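Observations on the model geometry
Here are the chains, one letter per residue:
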Amino acid sequence: MITTYAEAARQVLSGTIPDIALRAPEEAAQLLRDWLAATSRRWLMVLDDVQDPQDLHGLWPPPNDSGEILLTSRRRDAALHTATSMWHRVIELGVYTKTEAIAFLTKALAGHAVERVQLQGLAEDLGRLPLALSQAVAFLHDKPLLTVASYRRRLADRRYTLADVLPSSAELPDQYAATVDATWSLSIDRADRLRPRGLARPLLEVASLLDPHGSPLAVFTGTVVRDCLAAAVGREVDEEAVQDGLACLHRLNLLTLDPTRPGRAVAVHPLVQRAVRDALTPAHVGDLARLTADALLDLWPEFDTADLGVARTLRSCSEALDAVTASALSQPDYHPLLFRIGRSLAESGQITAAATHFLRLHRDATGRLGPVHPQTLAARCHLARLQGMAGDASGAVTEFEALRATAEGAVGSDDDLVMAICNDLAHWRDESGDSAGAIAGYERLLADHQRVLGPDHVGTLCNRGNLASCRGNAGDAAGALADLEALLVDQLRVLGPDHHSILITRRHLASFRGQAGDVPGAIAEYEMLLAEQQRVLDPDHPSTLTTRNNLIYWRSSAGNATRAVAEAEVLLADQRRVLEADHPALLTTRANLASWRGEAGDTGGAVAELEALLADQQRILGSDHPSALSTRGMLARWRGEGGDPARAVAEYESVLADQRRVLGSDHRDTLITRNNLASWRGDAGDLAGAVEDLQALLADSARALGAGHESTLTIRNNLLSWQTRADLQSWPAWWKILVMQWWAHGA
């Protein structure tokens, strides 16, 4: 900097100080500063690309109303902000806006026939970075046969480095002193020499593999990355040292730190990331990828429901890591992070995306590891589960049956994977309507759990809860209550009061208490559970929100539909704020809200909400999903309640045909629809048809569910009611009046 000042002094002061060229550089520089402070002539000093604020120590041009200073730097050091804070202004220049980037490219490539969509794509490919866009334009001008579309394909091709798709130093236009990658390389070297020495480069290498829009600070300050840094620099590295190392990169403008966004606190421009990765050997990329995957997995909660915002960030970082490191996470075997990505997608309600992820993983694993490798079987297990979640419970059962046979032959019947498959098989049998098969499956699995894992293992306890709930779903609510109460005692003894399994058991207890007829007891238990979940989890935790929905349901069962509508509207607003836009819990609440709105007397509002819900369910889940079919049944009901029983009959007939095709004739939902159809047939005036339908339904329900099942008993009562009404039609009018009065007085 002194040499630069001295040269400027020789040019400016040669007329007033003839021997200026003979003065020492330090003296010449000071003479220039003195002249700048005293002169009344207008002057402008441009200090371009200041590499280090220390270079200006004692050399800042003095303040003078006649002069202006323009300083440019990639640095963000406090020294540049405070050295002359009384008389300077700092302007942070980021990347171009979309409009600015398109305007620049349109003008710079005026001689090229380029569609606007290609210009937009090129701007985004280069992150709208002015330096990169300018050098890309120069690269294109030097290659007249290269179209923008072809250039973009080169940019996306991992075989090309950044140096391959931008001008070399010999090809740069005059206004550029260095290539993009060389500019950043120098900055990285400088950052790595700052205190704490040696941390900046490895931290930037980790950040270069993550989501450019931001990654959690905790990825870098966690023990996985800190242990690696300590091994690299030969000293202990604590969280404060990591934060200081990241700050060095921030000072050199190699990344951006934003403490106001903890989940996205560390952001790196994608071209900086690419330049960093280009300098790494394939072996180092592989090691770094698995280290970063370990760090992400270490930070990821066991269940996404703990914090969906954290889950979204970790998922985007993991997907970015997998995308930029090719097959590093699948060699020699598949890193658990790849399975966690798919689980997270499923837990957030993105069933199609999760299925696509696991289908790719399963195909790849089959080719790399073989069809019976445990990881291949695990991917297949996730696919079968997602098949059920997508609405095909019977298909899931078929797949899990085949999967169980394959897995038992590959790893043995006592392996954890086989037990997980058996648990899923029992669950989807229950969902498909095969209650007896589900109960038998859970009973066999419980015996295996107790033999292999022991009676107090968390898996054994969870299996007892699944078995009890399955029995309750089959109609034995009282038996389920007894089993769950005994289970809760053991869970409290083994796991402690705040374990998530205990909260699940308490939720099931409250539900079956209500189903057993104790609605006030169910409400009281849900209220206590809600208080515990708000304490242990969080008021916005998805499980807490689900409990609020269940509590509203049982309160509405006590006869207060208006209150249910008001509470459901508040709940829905909270879920929309917290959950993914298409999360299944949102769809469930919307269905319940519509039903409660109808029960409160607003049948028109119920129909309108259900029509909107059905459109969303068919878009998200598909037309044949059981939830979409259930919503169609609800629509039929409220259209009937609105005064059109004939339309209700027609719509129930349509739903029934689809449920028989999709779910089967003995599925619980199918039987419920038949019961509703019979009732609306009677309300439409066809009493004989209602009786005939209910007689056939009663026989089928007793066969499929059992004579003592709650649904079978409900059907029996409905049949008695419609038979009585049908019989009344043939009685004299005066006798009908007497009987109706008798009923009205509760005789």
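Above this text is the structure in question.
Source: prediction; values computed, not measured.

1. Quick word on the packing of helix α27 (residues 561-578) against helix α28 (residues 584-599)
- At a minimum axis distance of 9 Å, the contact between α27 and α28 shows a crossing angle of 160°. Taken as axis vectors, α27 and α28 run roughly antiparallel relative to one another. Crossing of α27 against α28: the hand is left-handed. Every residue of α28 that contacts α27 at Ala561, Ala564, Val565, Ala568, Glu569, Leu571, Leu572, Gln575 and Arg576 is listed here: Ala585, Leu586, Thr589, Arg590, Leu593, Trp596, Arg597 and Glu599.

2. Looking at a negative patch on the surface
- On the surface, a cluster of negative charge is contributed by Glu236, Asp238, Glu239, Glu240 and Asp244.
- Within the element layout of this structure, aspartate 238 appears in the loop between α11 (223-233) and α12 (239-251).
- For aspartate 238, a relative accessible area of 35% corresponds to the partly exposed category.

3. A closer look at helix α23 (residues 477-495)
- Across its 19 residues, α23 extends 25 Å between first and last C-alpha, which sits within 8% of the 27 Å expected from 1.5 Å per residue.
- Along α23, the positions that sit buried rather than exposed are Ala477, Gly479, Ala480, Leu481, Leu484, Leu487, Leu488, Asp490 and Gln491.
- Directly after α23, the chain includes glycine 496, whose backbone phi takes a positive value near 95°.

4. A word on unusual backbone geometry
- Of note, the amide linkage connecting arginine 195 to proline 196 takes the cis form, showing an omega dihedral of 0°.
- Within the secondary structure layout, proline 196 lies in the loop between α8 (180-193) and α9 (200-207).
- Positive phi, normally seen in glycine, also occurs at asparagine 253, with a value near 60°.
- Here asparagine 253 is to be found in the loop between α12 and β3 (256-257).
- Phi is positive for alanine 326, which is not a glycine, with a value near 50°.
- By the element assignment, alanine 326 lies in the loop between α15 (308-324) and α16 (336-347).

5. Examining the environment of isoleucine 188
- One can find isoleucine 188 in helix α8.
- Given the relative accessible area of 8%, isoleucine 188 is considered buried.
- Between the alpha carbons of isoleucine 188 and valine 662 there is a distance of 60 Å; along the sequence they are 474 residues apart.

6. Some thoughts on the pattern of salt bridges
- The final tally for this structure, using the stated rule, is 58 salt bridges.
- Of the charged contacts in the structure, one is a salt bridge between aspartate 77 and arginine 75, with a shortest N-O distance of 2.7 Å. There is no split in this pair, since aspartate 77 and arginine 75 are both buried.
- Of the charged contacts, one joins arginine 619 and aspartate 582 as a salt bridge, the two residues approaching to 3.3 Å between their closest N and O atoms. Here the residue arginine 619 occupies a position in helix α29 (residues 603-620), and aspartate 582 occupies one in the loop between α27 and α28, the gap between them amounting to 37 residues.
- According to the relative accessible area criterion, aspartate 582 is partly exposed, its value standing at 30%.
- Taken together, the salt bridges that share partners define one network made up of Asp456, Arg464, Asp490 and Arg493.

7. Focus on the environment of proline 626
- Tracing the backbone through its elements, the reader meets proline 626 in helix α30 (residues 626-641).
- Taking C-alpha positions, proline 626 is 19 Å from leucine 425, a pair spaced 201 residues apart along the chain.
- Setting aside chain neighbours within four positions, we find proline 626 in contact with Gly391, Leu663 and Asp669.

8. Notes on the side chain of glutamine 533
- Structurally, the position occupied by glutamine 533 is in helix α25 (residues 519-536).
- With relative accessibility at 2%, the residue glutamine 533 sits in the buried group.
- Setting aside residues up to four positions removed in sequence, glutamine 533 forms contacts with Leu503, Asp538, Ser543, Thr544 and Thr547.

9. Thoughts on the nonpolar core
- Counting 87 residues, the largest nonpolar core has Tyr151, Trp184, Leu203, Phe220, Leu249 and Leu254 as the members making the most contacts within it.
- It is helix α14 (residues 282-299) that contributes the most residues to this core, seven residues altogether.
- Setting aside chain neighbours within four positions, we find phenylalanine 220 in contact with Leu203, Val206, Ala207, Leu210, Ser215, Val225, Arg226, Val242, Leu246 and Val266.
- In this structure, Tyr5, Ala9, Leu47 and Leu59 belong to the second largest nonpolar core, which totals 18 residues.

10. Brief notes about the environment of leucine 257
- One can find leucine 257 in strand β3.
- The partly exposed category is assigned to leucine 257, whose relative accessible area is 26%.
- Note: C-alpha distance between leucine 257 and valine 268 (11 residues apart in sequence) is 9.1 Å.
- The residues touching leucine 257, leaving out its near neighbours within four places in the chain, are Leu246, Ala247, His250, Ala265 and Val266.

Cut-offs applied
- Residues numbered from 1 in each chain as written.
- Predicted model: local features only at pLDDT ≥ 70, side-chain atom pairs only at ≥ 80, totals over all residues.
- Heavy atoms only, no water.
- Axes fitted to C-alpha atoms, helices over the stretch in contact; angles between N-to-C directions.
- Helix = DSSP H or I, 4+ residues; strand = E, 2+ residues; numbered from the N terminus.
- Parallel < 35°, antiparallel > 145°, perpendicular 65-115°, else oblique.
- Left-handed = near helix turned anticlockwise from the far one by under 90°.
- Contact = heavy atoms within 4.5 Å.
- Patch = residues over 30% accessible without salt bridge, like charges linked within 9 Å, V, L, I, M, F, W, Y side chains within 5 Å.
- Areas by Shrake-Rupley, 256 points an atom, 1.4 Å probe, with all protein chains shown as cover.
- Salt bridge = Lys/Arg side-chain N within 4 Å of Asp/Glu carboxyl O.
- Lys, Arg positive; Asp, Glu negative; His and termini not counted.
- Charge placed at Lys NZ, Arg CZ, Asp CG, Glu CD.
- Buried < 20%, exposed > 50% of the residue type's maximum accessible area, 1.4 Å probe, protein only.
- Expected span 1.5 Å × (residues − 1).
- Core = buried A, V, L, I, M, F, W, Y, C linked by side-chain atoms within 4.5 Å.

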